[in-house]
Amino acid sequence: MNVYSSVYDLSSSTYLPIFRRFSYLNRRTVACSRRFHCNAAMDASNNSTASEGFDFLTQKPYSPPTWASHLNPIPSHIFSLAHVPTPIHKWNLPNLPKGTEVYLKRDDLSAMQLSGNKVRKLEFLMADAVAQGADCIITIGGIQSNHSRATAVAAKYLNLDCYLILRTSKLLVDEDPGLTGNLLVERFVGAHIDLISKEEYADIGSVALTSILKEKLLKEGRRPYVIPVGGSDSLGTWGYIEAIREIEQQLQIGTGKVKFDDIVVACGSGGTTAGLSLGSWLSTLKAKVHAFSVCDSPDYFYDFVQDLLDGLEAGVDSRDVVNIQNAEGMGYAINTTEELKFVKEIASATGVVLDPVYSGKAAYGMLKDMAEDPKKWEGRKILFIHTGGLLGLFDKVDQMTPLVGNWRRMNVHESVPRKEGVGKMF
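Residues numbered from 1 in each chain as written. Predicted model: local features only at pLDDT ≥ 70, side-chain atom pairs only at ≥ 80, totals over all residues. Heavy atoms only, no water.

Student: Help me out: how do you make sense of the environment of L403 in this one?
Tutor: By secondary structure assignment, the location of L403 is in the segment after helix 15 (397–400). Taking C-alpha positions, L403 is 9.4 Å from E345, a pair spaced 58 residues apart along the chain. With near-sequence residues (within four places) excluded, L403 lies in contact with T337, L340, K341 and K344. (Helix = DSSP H or I, 4+ residues; strand = E, 2+ residues; numbered from the N terminus. Contact = heavy atoms within 4.5 Å.)

Student: Sorry, what's going on with the nonpolar core here?
Tutor: For soluble globular proteins, the rule of thumb is that nonpolar side chains tend to be buried together. W91, I263, M366 and F384 are the most contacted members of the largest nonpolar core, which totals 64 residues. Setting aside anything within four residues of it in sequence, one finds F384 in contact with W91, V102, Y103, L104, K105, V264, S359, A362, A363 and M366. Counting residues in hydrophobic clusters, the runner-up holds 37 residues, among them F56, L114, Y157 and Y225. (Core = buried A, V, L, I, M, F, W, Y, C linked by side-chain atoms within 4.5 Å. Buried < 20%, exposed > 50% of the residue type's maximum accessible area, 1.4 Å probe, protein only.)

Student: How should I be thinking about the pattern of salt bridges in this particular structure?
Tutor: Here the idea is simple: oppositely charged side chains can pair when their charged atoms come close. Counted by the stated rule, this structure contains 16 salt bridges. We note a salt bridge from D135 to R222, for which the minimum N-O separation is 3.1 Å. With D135 in the loop between helix 3 (118–131) and strand 6 (136–142) and R222 in the loop between helix 7 (206–219) and strand 9 (224–226), this pair connects stretches of sequence that are 87 residues apart. Each member of the salt-bridge network shares a partner with another, and the members are K105, D107, R120 and E246. (Salt bridge = Lys/Arg side-chain N within 4 Å of Asp/Glu carboxyl O.)

Student: What should I look at first to understand a negative patch on the surface in this one?
Tutor: Together, D303, D307, D310, D317 and D320 give the surface a local cluster of negative charge. It is helix 10 (residues 298–311) that provides the largest number of residues to the negative patch, a total of 3 residues. Here D310 is to be found in helix 10. A residue is classified by how much of its surface remains accessible, and D310, at 44% relative accessible area, is partly exposed. (Patch = residues over 30% accessible without salt bridge, like charges linked within 9 Å, V, L, I, M, F, W, Y side chains within 5 Å. Areas by Shrake-Rupley, 256 points an atom, 1.4 Å probe, with all protein chains shown as cover. Lys, Arg positive; Asp, Glu negative; His and termini not counted. Charge placed at Lys NZ, Arg CZ, Asp CG, Glu CD.)

Student: It is not clear to me how the packing of aromatic side chains should be interpreted in this structure. Could you clarify?
Tutor: Two numbers describe a pair of aromatic rings. These are the distance of the centres and the angle of the planes. Enumeration according to the criterion identifies 9 aromatic pairs in this entry. Ring geometry for F56 and Y157: centres 5.8 Å apart, planes at 80 degrees, overall edge-to-face. With F56 in the loop between helix 2 (49–52) and strand 2 (59–61) and Y157 in helix 4 (residues 146–157), this pair connects stretches of sequence that are 101 residues apart. For Y157, a relative accessible area of 14% gives the class buried. Note on Y300 and F301: the rings are 5.1 Å apart at their centroids and 80 degrees apart in plane angle, and the pair reads as edge-to-face. Residue Y300 is classed as partly exposed on the basis of its relative accessible area, which comes to 38%. (Phe/Tyr/Trp six-rings, centres within 6.5 Å; stacked < 30°, edge-to-face > 60°.)

Student: How should the packing of helix 8 (residues 234–253) against helix 9 (residues 271–282) be read in this particular structure?
Tutor: Each packed pair of helices is defined by two parameters, the angle between the axes and the distance between the axes. In contact at an axis separation of 7 Å, helix 8 and helix 9 are set at 40 degrees when each is read in the N-to-C sense. The pairing of helix 8 with helix 9 is recorded here as oblique in orientation. At the point where helix 8 passes helix 9, the crossing takes the right-handed sense. Where helix 8 approaches helix 9, its residues T237, Y240, I241 and I244 are matched on the opposing element by G271, T272, A274, G275, L276, L278, G279 and S280. When grouped by side-chain class, the residues that make up the contact of helix 8 with helix 9 number 6 nonpolar, 6 polar and no charged. (Axes fitted to C-alpha atoms, helices over the stretch in contact; angles between N-to-C directions. Parallel < 35°, antiparallel > 145°, perpendicular 65-115°, else oblique. Left-handed = near helix turned anticlockwise from the far one by under 90°. Nonpolar A, V, L, I, M, F, W, Y, C, P; charged D, E, K, R; others polar.)

Student: Looking at this structure, I do not really get the packing of helix 3 against helix 4. What am I missing?
Tutor: At a minimum axis distance of 10 Å, the contact between helix 3 and helix 4 shows a crossing angle of 45 degrees. Here helix 4 runs oblique to helix 3, going by the angle between their axes. In this structure, helix 3 meets helix 4 at a crossing whose hand is right-handed. Note on element contacts: helix 4 touches helix 3 through N146, H147, A150, T151, A154 and A155, opposite K118, L122 and M126.

Student: When you look at helix 7 in this model, what are you seeing that I'm missing?
Tutor: Each α-helix winds once per 3.6 residues, and so residues spaced three or four apart point in a common direction. In a regular helix each residue adds 1.5 Å, so 14 residues correspond to 20 Å; helix 7 covers 20 Å between its end C-alpha atoms and thus fits that length. Of all the residues in helix 7, the buried ones are S206, A208, L209, T210, I212, L213 and L217. Directly beyond the C-terminal end of helix 7, a positive phi value near 90 degrees is found at G221. (Expected span 1.5 Å × (residues − 1).)

Student: What is the right way to look at the pairing of strand 11 (residues 288–293) in this model?
Tutor: Along any regular strand the residues' side chains alternate between the sheet's two faces. Of all 6 residues that make up strand 11, 5 are buried, and the element is covered over most of its length. The pairing of strand 10 (residues 262–267) with strand 11 spans 6 bridges and is classified as parallel. The residue bridging V265 from the neighbouring strand is A291, located in strand 11. The β-α-β motif built from strand 10, the intervening helix 9 and the parallel element strand 11 has right-handed crossover chirality. (Pairing = 2+ DSSP bridges. Right-handed = clockwise from strand over helix to strand, strands pointing away.)

Student: Just checking my understanding: could you explain the state of the cysteines for this structure?
Tutor: What is meant by a disulfide is a covalent connection between two cysteines, made through their sulfur atoms. Counted by the stated rule, this structure contains 0 disulfides. With no disulfide of its own, C267 lies closest to C295 among cysteine sulfurs, the gap being 7.1 Å. (Disulfide = S-S within 2.5 Å.)

Student: Just checking my understanding: could you explain the sheet that holds strand 13 (residues 381–386) for this structure?
Tutor: Adjacent strands of a sheet form backbone hydrogen bonds with each other and so pair up, either parallel or antiparallel. Spatial strand order, 4-5-13-10-11-12: 6 strands in an open sheet with mixed pairing. In this open sheet, the two strands that pair with only one neighbour each are strand 4 (88–90) and strand 12 (322–326). Across the sheet, the mean angle separating the axes of adjacent strands is 25 degrees when strand polarity is ignored. Where strand 10 meets strand 13, 3 bridges bridge the pair, whose relative direction is parallel. Bridge pairing in strand 13 links D262 to I382. Each of strand 4, strand 5 (101–106), strand 10 and strand 13 touches helix 8; the most contacted strand, strand 5, lies at about 120 degrees to it.

Student: When you look at unusual backbone geometry in this model, what are you seeing that I'm missing?
Tutor: Negative phi values dominate among residues other than glycine, just as trans dominates among peptide bonds. Look at the link from N72 to P73: it is a cis peptide, with omega at 0 degrees. Tracing the backbone through its elements, the reader meets P73 in the loop between strand 2 and strand 3 (77–79). Here the residue pair V84 and P85 is connected by a cis peptide bond, since its omega of 0 degrees sits within 30 degrees of zero. You can see P85 is positioned in the loop between strand 3 and strand 4. Unlike most non-glycine residues, A333 shows phi in positive territory, near 65 degrees. Among the secondary structure elements, A333 is positioned in the loop between strand 12 and helix 12 (337–350).

Structure follows, in structure tokens:
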């Protein structure tokens, strides 16, 4: 694991920024690598702790894996934002099919404020924003968007302002959004927040909404750079193409001689799925990728992933490189009691805390599929990608409270000696 210097810019994060409801034109007017960019031998010979200690927040030229060198366009630079390589370890899940082994790729440990899968995409997207001379970033997502939080932090690290359009209930769109979960971090680092109702979002769309805000900022003399939902465009896809190279190298230097048959991941905006699928297909890994969609239908994501692959001139069919299954349940970011109980039981059994929106639903869907069709998974070695999102659990406190206990007042018998001042409270 790399050691990073602690360089932070906190100059403008000493206050809570004002939020506002997103205002827009009449609807009728709206038209509708720093770490693995050399070969393995070069990486090993140049693995100097002294130089790596100051890699964090630096921009470097990027060279793709040899097996991805035919893709187009290839990013020219990458920003060092993630703490990588993230660990891989065996995940002792209960009730697995005969001979099945599950391993966990801990992208939830890619950072703290930046943790999760989004930071890998942002390494490429932020490099492009800086190259284009941007002075601020615009992105969009749900009210507890992990991507929006990671973008806000990354932007501030690079001295860029950040503007977030966050989707919320129409009953709450005119109220202060509060400081729960991801919102706390976003507002602490000074992000500007525009609220939009779910209904307005559905009628206008994310592309039009970010374009409206971009035009407004351009008129104010700003130089905005727009990052799409989840950072999922063809450039952001490189984040998980690069992650496949990381996994390849981890397997090469590991002592267990593990070969993964399958990769399992949550699919929420499509970029992570596209990168993993294309990378595994092109590389020596050749693991079958299973994506569990937590919003929209599998057909929608097959088409969306295809657009991302076409944007890289990959020349492959999305249905050949990934199997997408529906794990949406009651809807995006909506959980049943059974799903939340599952997240709690996995944490109690294995110590791994899953988020309820993405990895929690994907793991739930995976184990459900294993229970219904155990022969399909018997004897296979599976790598599950933990995409982070821990802060999203704080938005589920009311639902989770009845599922946890494990507390009581400590009763100390009156015979135990007591003396004022003996116990020091530090």
